[in-house]
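Architecture and fold: a report
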There are 2 protein chains.
Amino acid sequence: MPELRKDPITGDWVLLSPKRTGRPTDFTKKSVDATQRSEECPFCPGNEAMTPPEVFAVPITGKGKGWQIRVVPNKFPAVEPAGAVGGHGEDLFERLDGAGLHEVIIENPDHGATLATLPESAIEEVLRAYQSRFRAIEKDGQFSYVLIFKNHGPEAGATLEHGHSQLVALPVVPPRARQELDGARAHFLAQKRCIYCDIIQEEAAGVRFVTGNDDFIVIAPFASRFAWEVWLLPRRHRARFAQASEAELSSLAPVLKTTLASLDEALGLPPYNLIVQSAPIRDPSDEHYHWHIEIAPRLSKLAGFEWATGAYINSMPPEEAARKLREIMHLAPPGS
Amino acid sequence: MPELRKDPITGDWVLLSPKRTGRPTDFTKKSVDATQRSEECPFCPGNEAMTPPEVFAVPITGKGKGWQIRVVPNKFPAVEPAGAVGGHGEDLFERLDGAGLHEVIIENPDHGATLATLPESAIEEVLRAYQSRFRAIEKDGQFSYVLIFKNHGPEAGATLEHGHSQLVALPVVPPRARQELDGARAHFLAQKRCIYCDIIQEEAAGVRFVTGNDDFIVIAPFASRFAWEVWLLPRRHRARFAQASEAELSSLAPVLKTTLASLDEALGLPPYNLIVQSAPIRDPSDEHYHWHIEIAPRLSKLAGFEWATGAYINSMPPEEAARKLREIMHLAPPGS
């Protein structure tokens, strides 16, 4: 059973998950051909028996059988389902059982497809699959927090090449989400406005604007922690990703595709992390939190400085990243 | 001029340092021979002109001229000296000039030497050089916080191979140090004892004890964020590294060497980060903070989960890491 341990000094939580060693990786094999991929990749069609049974699937539409998207439990889970969330302390040292869900969302049968290259309709299906799992876990009521994230490329932490996202459901609200919620709440109490709505208003025609449509805006955030970091924000205020409408997900797909394709062009298919940030399940934060997607290419290593200070060093001004991405998209300068 | 930007939501600080792109790296050249190293490495003897002039140096003892340790300003600084720390806000968006010092401590003339392979006397000199710079910056009084850290190996963020550490002096106390200080203060107020002293007492004969001598204890911390993370704690309570005595630094050298050599043996010369954690310069934290060294091998990538949650996933129980390190050191089990 994984275990959550609390640092007695900082209050940081650490997930101790011994099972995660020994995970397979296919990145070490250089230049595998497509046939090998299908044979060895646990996410390719025909190899369904290599993963645990699916918890959710989108069948292929029209003719024949098969799947377009599969969601399966992670074979090397960081957290595991459990009957109850138990805690036990030994004076200085607090522990919690690491109860939770850890799932893998296999985005497409095509081994080499990415969210930048898939057709918009297929990306929309991925977003719908994300939301189906979010909604099901909210309804189940066992957990406090759901996170969907994607590690693309080995430098971003992916151990398998075939396009996939991950879902983690946790019994506690993790530190960073808590910090964001606290910041958003403080702004709301002072201003009576959502801070994300304020940022959307401020950035809509500014130097950090990247692209957008009627429903979404993409910006390079003012305090970008990583070079080329971008945020995709829904213009409509909603705290949780589960609250996004069908029309919004349809509208998000082309914006997500364009953004990722532009980063691919600017940086030559960079590794990246993508996270869907949403308010906790049991939290009255509907007024002040605002769900969104964050994407950060992994171009430099987090090193001693970042670890020691908790601060980030970024060498790319977000204003310049936004300008270059607009150029790639052939968009007019903001305000013109 | 680098710039410190505050995230309007989380309060996180980001150091925006455009100059850091274009840093040289010598890790891409495979199997360079020793001659090439000396010719191209800016930290090798004879190439002193390739770095800015030194701010501190330890000359070779005895015969001849030359240096044993050099401290030079970082050519690609994350922060830069400035006359004054200036701030400016634009509503949502707060900035500070990134005023500070960023120095490189070249640990030895030998290109390939490491803190695990150098003789104890040379390691002691490195620790003394660290402390000289700490003390000089404290005395100068311009900055609030000094951090010494070491990125060893490219996966740990090092861009040059020749053994070196880094020093950063900052105008603000960074978030992680603030969090540690707050945690330590809360414990002190509740218990009237230093939490690090409590941890030393608790772990001295326990399953997470690694090694030690009269002045230092090495442990695998209870909530290790990284596999094989170890802490070196002075038994004597002192808040700041600058307060360590000469005798303590002499006593630390062999403990540091043994610890790093054991990690090298256990993990096959792993990349790692080392940080010297000390109380801020202007802070009345003498009673509740306790300076120490943290070392974390870089075996897995920080990925989407860690970034999104601020929590860590660790697959190696610290009890097991401690046991294996004790075995390598041929130490008896704790309590025996």
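Residues numbered from 1 in each chain as written. Chains lettered and ligands numbered in written order. Predicted model: local features only at pLDDT ≥ 70, side-chain atom pairs only at ≥ 80, totals over all residues.

**Regarding the overall build of chain A**
Helix and strand counts for chain A come out as seven helices and 15 strands. When the 336 residues of chain A are sorted by exposure, 49% land in the buried category. Here the contacts in chain A between residues at least 6 apart in sequence split such that 69% fall between residues at least 24 apart. (Helix = DSSP H or I, 4+ residues; strand = E, 2+ residues; numbered from the N terminus. Buried ≥ 20, exposed ≤ 12 C-beta atoms within 10 Å, placed from the backbone. Contact = placed C-beta atoms within 7 Å.)

**What about the interface of chain A and chain B?**
When the parts of a complex come together, some accessible area is lost, and that lost area is often used as the size of the interface. Contacts between the two partners involve 63 residues from chain A, matched on the other side by 63 residues from chain B. Going through the elements one at a time, strand S1 (3-6), strand S2 (13-16), strand S8 (145-152), helix H3 (175-191), helix H4 (195-203), strand S13 (272-277), helix H6 (304-309) and strand S15 (312-314) of chain A are the ones with two or more residues in the side of chain A that touches chain B. A per-element tally of the side of chain A that touches chain B places H3(A) first, with seven residues. When the residues that make up the side of chain A that touches chain B are grouped by side-chain class, the tally is 34 nonpolar, 16 polar and 13 charged. In this sheet, strand S15 (residues 312-314) of chain B lies alongside S2(A) in parallel orientation, the contact comprising three bridges. In the strand pairing of S15(B), Val14(A) is matched with Tyr312(B). (Nonpolar A, V, L, I, M, F, W, Y, C, P; charged D, E, K, R; others polar. Pairing = 2+ DSSP bridges.)

**Examining the packing of helix H2 (residues 120-140) of chain A against helix H5 (residues 246-267) of chain A**
Residues and elements named next belong to chain A. Put simply, H2 and H5 touch, their axes get as near as 8 Å, and they point 120° apart. Relative to H5, the element H2 is oriented oblique. Classified by chirality, the crossing of H5 by H2 is right-handed. Across from Glu120, Ile123, Glu124, Leu127, Arg128 and Gln131 in H2, the residues of H5 making contact are Leu249, Ser250, Leu252, Ala253, Pro254, Leu256 and Lys257. For the contact of H2 with H5, the per-class residue count stands at seven nonpolar, two polar and four charged. (Axes fitted to C-alpha atoms, helices over the stretch in contact; angles between N-to-C directions. Parallel < 35°, antiparallel > 145°, perpendicular 65-115°, else oblique. Left-handed = near helix turned anticlockwise from the far one by under 90°.)

**Considering the pairing of strand S9 (residues 164-170) of chain A**
Residues and elements named next belong to chain A. With respect to burial, S9 is a largely interior element, seven of its seven residues being buried. Burial of S9 is two-sided: the residues His164, Gln166, Val168 and Leu170 facing one way and the residues Ser165, Leu167 and Ala169 facing the other way are all buried. Relative to S9, strand S7 (residues 101-106) runs antiparallel, the two sharing six bridges. Each residue of the ladder has a partner; that of Glu103, found in S9, is Leu167.

**Quick notes on the sheet that holds S7(A)**
All names here are of chain A. One open sheet accounts for 10 strands, arranged S3-S4-S7-S9-S8-S13-S14-S12-S11-S10; its pairing is antiparallel. With partners counted over all chains shown, the strands left at the sheet margins are strand S3 (56-59) and strand S10 (209-212), one partner each. Across the sheet, the axes of successive neighbouring strands diverge by a mean angle of 15°, strand direction being ignored. In terms of strand pairing, S8 meets S13 through five bridges, oriented antiparallel. From the neighbouring strand, Asn151 faces S13, where its bridge partner is Asn273. Against the sheet, H2 engages S3, strand S4 (67-73), S7, S8, S9 and S13, with an angle of about 35° to S4.

**Digging into the nonpolar core**
Core analysis: the biggest nonpolar cluster contains 198 residues, and Leu15(A), Val146(A), Val168(A), Leu15(B), Val146(B) and Val168(B) have the highest contact counts within it. Apart from residues lying up to four places away in sequence, Leu15(B) is in contact with Ala311(A), Tyr312(A), Ile313(A), Asn314(A), Pro2(B), Leu4(B), Ala78(B), Val79(B) and Gly98(B). (Core = buried A, V, L, I, M, F, W, Y, C linked by C-beta atoms within 7 Å.)

**What about the confidence of the model for chain A?**
Residues and elements named next belong to chain A. Considering every residue of chain A, the mean pLDDT works out to 87; 89% of them sit at 70 or more. Across residues 28-35 the pLDDT falls below 50, and counting only partners more than four positions away or on other chains, this stretch makes one contact in the model. Scoring the predicted complex yields pTM 0.86 and, for the interface, ipTM 0.81. (pLDDT = per-residue confidence, 0-100.)

**Thoughts on the relation of the copies chain A and chain B**
When chain A is fitted onto chain B, the two copies agree to an RMSD of 0.0 Å after a turn of 180° and an axial shift of 0.0 Å. What the superposition gives is, in effect, a two-fold axis relating one chain to the other. Of the C-alpha atoms belonging to chain A, the one lying closest to the rotation axis is found on Leu302(A), 3.9 Å away. The residues that chain A uses at the interface reappear at the interface of chain B in 100% of cases, marking a shared surface. (Least-squares fit on C-alpha atoms with pLDDT ≥ 70 in both.)

**Points about the environment of Gln179(B)**
Within the secondary structure layout, Gln179(B) lies in helix H3 (residues 175-191). The residues contacting Gln179(B), other than those within four sequence positions of it, are Thr10(A) and Gly310(A).

**A few points about the environment of Leu4(A)**
Tracing the backbone shows Leu4(A) in strand S1. Residues within four places of Leu4(A) in sequence aside, it is in contact with Trp13(A), Leu15(A), Arg95(A), Leu96(A) and Gly98(A).

**Here we look at helix H7 (residues 318-328) of chain A**
All names here are of chain A. Within the span of H7, buried status applies to Pro318, Ala321, Ala322, Leu325 and Arg326. End-on view of H7: buried residues confined to an arc of 135°, all on one side of the axis. At the exit of H7 stands His330, carrying a positive phi of roughly 55°. (Arc of directions from axis to C-beta.)

**Structural notes on the packing of H5(A) against H7(A)**
All names here are of chain A. One can describe the packing of H5 onto H7 by two numbers: an axis separation of 9 Å at closest approach and a directional angle of 105°. Looking at the two axes, H5 sits roughly perpendicular to H7. Contact residues: H5 offers Ser262, Glu265 and Ala266, while H7 offers Lys324, Leu325 and Ile328.

**A word on H3(A)**
Since there are 3.6 residues in each turn of an α-helix, residues three or four apart along the chain are aligned in direction. Taking 1.5 Å per residue, 17 residues should reach 24 Å; H3(A) reaches 24 Å between its end C-alpha atoms and fits that length. What H3(A) keeps buried is the set Ala177(A), Glu180(A), Leu181(A), Ala184(A) and His187(A). The arc that holds the buried residues of H3(A), viewed along the axis, is 130°, so those residues lie on one side. Away from the buried face of H3(A) by more than 90 degrees, exposed residues Leu189(A) and Ala190(A) are located. Close packing links the buried residues of H3(A) with S8 and H4 of chain A together with helix H6 (304-309) of chain B. Positive phi shows up at Lys192(A), right after H3(A), with a value of about 60°. (Expected span 1.5 Å × (residues − 1).)

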